[in-house]
Amino acid sequence: MREVRLRFSKEGRLKYISHLDINRAMARAFNRAGIPLWYTEGFNPHAYMSFSLPLSLGVESLCESVDIRVIGEISNKEIKKRMNDALPADLRIIDVYDDFRDCSEIAYSDYVYKFQFNDNETALEKIKEVLESEEILALKKGKQGRKRVLKETDIKKFIDRFSVSIRDDIIVLNVRLMAGTEKNLNPSLLFDTIIRLIDMDYEWKSISRMNLLDKNYKEFR
């Protein structure tokens with residue numbers, strides 16, 4: 001038995017399916033592809049699969065990963081080929097490798113946001129103003145006794161760096177967010193907060209996770 005990591009992309013229509021659905025899609029694909037997986041023992045045996053960092057609904061990604069344990073003789077190249085033959089078009093295996101790092105080492109995520117406004121120039125200045133401010137107050141769901149309420153929380157400290165510009169009539173925001181086990185920021189919460197604070201009508205294009213990094217800004221693999 002050996003443990004391998006599959007790095008995969010999730011794009012297009014599949015950005016709208018949940019992490020649980022991705023888990024199920026992968027399990028079915030492993031079965032269809034005939035990958036000799038190692039199964040847990042006990043009353044309810046199941047294939048070992050461990051995902052690196054669950055992705056928010058509606059977000060695309062080029063850097064997802066799932067760890068599996070395989071038995072028998074099968075090469076990483078063959079695993080990649082069989083899986084891509086079994087998976088839907090918007091879910092692709094990019095790489096398969098043996099030597100990989102523990103998920104606890106993930107500290108940051110790089111994202112690209114794309115949106116459009118009737119007045120991109122004004123929107124650009126307002127977005128910069130929000131991101132450059134000393135605090136950015138987001139509204140997060142919480143509890144007050146038995147009641148569910150919206151609480152203000154400062155998310156500025158979770159933004160490591162950013163750049164924003166207009167390209168081909170689209171506003172493009174590149175941002176690095178904290179993504180560790182203790183400190184992390186949901187990219188959708190940042191998006192919702194920006195839109196609420198600038199108070200302008202917009203057309204949403206996409207949010208994509210481009211890379212995962214460790215605390216030293218080295219690529220996580």
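Thresholds, definitions, all that
Residues numbered from 1 in each chain as written. Predicted model: local features only at pLDDT ≥ 70, side-chain atom pairs only at ≥ 80, totals over all residues. Heavy atoms only, no water. Salt bridge = Lys/Arg side-chain N within 4 Å of Asp/Glu carboxyl O. Helix = DSSP H or I, 4+ residues; strand = E, 2+ residues; numbered from the N terminus. Buried < 20%, exposed > 50% of the residue type's maximum accessible area, 1.4 Å probe, protein only. pLDDT = per-residue confidence, 0-100. Phe/Tyr/Trp six-rings, centres within 6.5 Å; stacked < 30°, edge-to-face > 60°. Contact = heavy atoms within 4.5 Å. Axes fitted to C-alpha atoms, helices over the stretch in contact; angles between N-to-C directions. Left-handed = near helix turned anticlockwise from the far one by under 90°. Nonpolar A, V, L, I, M, F, W, Y, C, P; charged D, E, K, R; others polar. Parallel < 35°, antiparallel > 145°, perpendicular 65-115°, else oblique.

1. Structural notes on the pattern of salt bridges
Here's step 1: By the definition in use, this model includes 15 salt bridges.
Here's step 2: Residue D67 is joined to R5 by a salt bridge in which the shortest nitrogen-to-oxygen separation is 2.6 Å. In this pair, D67 sits in strand β3 (residues 60-70) while R5 sits in strand β1 (residues 2-10), placing the two residues 62 residues apart along the sequence.
Here's step 3: Owing to a relative accessible area of 5%, D67 belongs among the buried residues under this scheme.
Here's step 4: Relative accessible area serves as the criterion here: at 1%, R5 is assigned to the buried category.
Here's step 5: Salt bridges here are not isolated pairs; linked through shared partners, they connect R101, E105 and D214.

2. Section: unusual backbone geometry
Here's step 1: The phi angle at D168 is positive, at roughly 50°, despite the residue not being glycine.
Here's step 2: Structurally, the position occupied by D168 is in the loop between β8 (159-167) and β9 (170-178).
Here's step 3: A relative accessible area of 79% places D168 in the exposed class.
Here's step 4: A positive phi angle, near 65°, is found at D169, a position not held by glycine.
Here's step 5: With respect to the element layout, D169 can be found in the loop between β8 and β9.
Here's step 6: Judged by relative accessible area, D169 falls into the partly exposed class, the value being 49%.

3. Focus on the confidence of the model for the protein
Here's step 1: Per-residue pLDDT for the protein averages 93, and the proportion of residues at 70 or more is 98%.
Here's step 2: Strand β6 (residues 137-144) is the least confidently modelled element of the protein, averaging 81 in pLDDT, while β9 averages 98, the highest of any element.

4. Things to note about the packing of aromatic side chains
Geometrically, a pair of aromatic rings is defined through the distance of the ring centres and the angle of the planes.
Here's step 1: Tallied over the full model, the rule gives 7 aromatic pairs.
Here's step 2: Consider the rings of F8 and F51, whose centres lie 6.4 Å apart with planes at 85°: the pair is edge-to-face. In this pair, F8 is assigned in strand β1 and F51 in strand β2 (residues 49-51), connecting sequence segments 43 residues apart. Each member of the pair, F8 as well as F51, carries the same accessibility label: buried.

5. A closer look at the environment of N174
Here's step 1: Within the element layout of this structure, N174 appears in strand β9.
Here's step 2: Counting along the chain gives 162 residues from N174 to G12, while the straight-line C-alpha distance between them is 20 Å.
Here's step 3: Ignoring any residue separated from it by four or fewer positions in sequence, one finds N174 in contact with Y111, V112, R161, F162, S163 and R167.

6. Details of the side chain of S61
Here's step 1: Position of S61 relative to the elements: it lies in strand β3.
Here's step 2: Aside from chain neighbours lying at most four places away, what touches S61 is S9, K10, E11, L55 and R209.

7. Here we look at the packing of helix α3 (residues 120-132) against helix α4 (residues 187-198)
Here's step 1: With their axes 10 Å apart at the nearest point, α3 and α4 run at an angle of 115° to one another. Regarding α3 and α4, the two cross each other, and that crossing is right-handed. Along its contact with α3, which presents K126, I127, V130 and L131, the element α4 presents L190, I194, L197 and I198.
Here's step 2: In the contact of α3 with α4, the residues fall into 7 nonpolar, no polar and 1 charged.

8. With respect to the environment of S206
Here's step 1: Position of S206 among the secondary structure elements: in strand β10 (residues 203-213).
Here's step 2: Spatially, the C-alpha atoms of S206 and I17 are 15 Å apart, while their sequence positions differ by 189 residues.
Here's step 3: Residue contacts for S206: discarding those within four places in its chain leaves E60, V112, Y113 and K114.

9. With respect to the packing of helix α1 (residues 19-33) against helix α2 (residues 76-86)
Here's step 1: At a minimum axis separation of 9 Å, α1 and α2 run at an interaxial angle of 115°. As judged from the angle between their axes, α1 and α2 are roughly perpendicular. Crossing geometry of α1 relative to α2 is assigned as right-handed. Residues M26, A29, F30, R32 and A33 of α1 form the contact with α2, whose participating residues are R82, M83 and A86.
Here's step 2: Residue composition of the contact of α1 with α2, grouped by class: 6 nonpolar, no polar and 2 charged.

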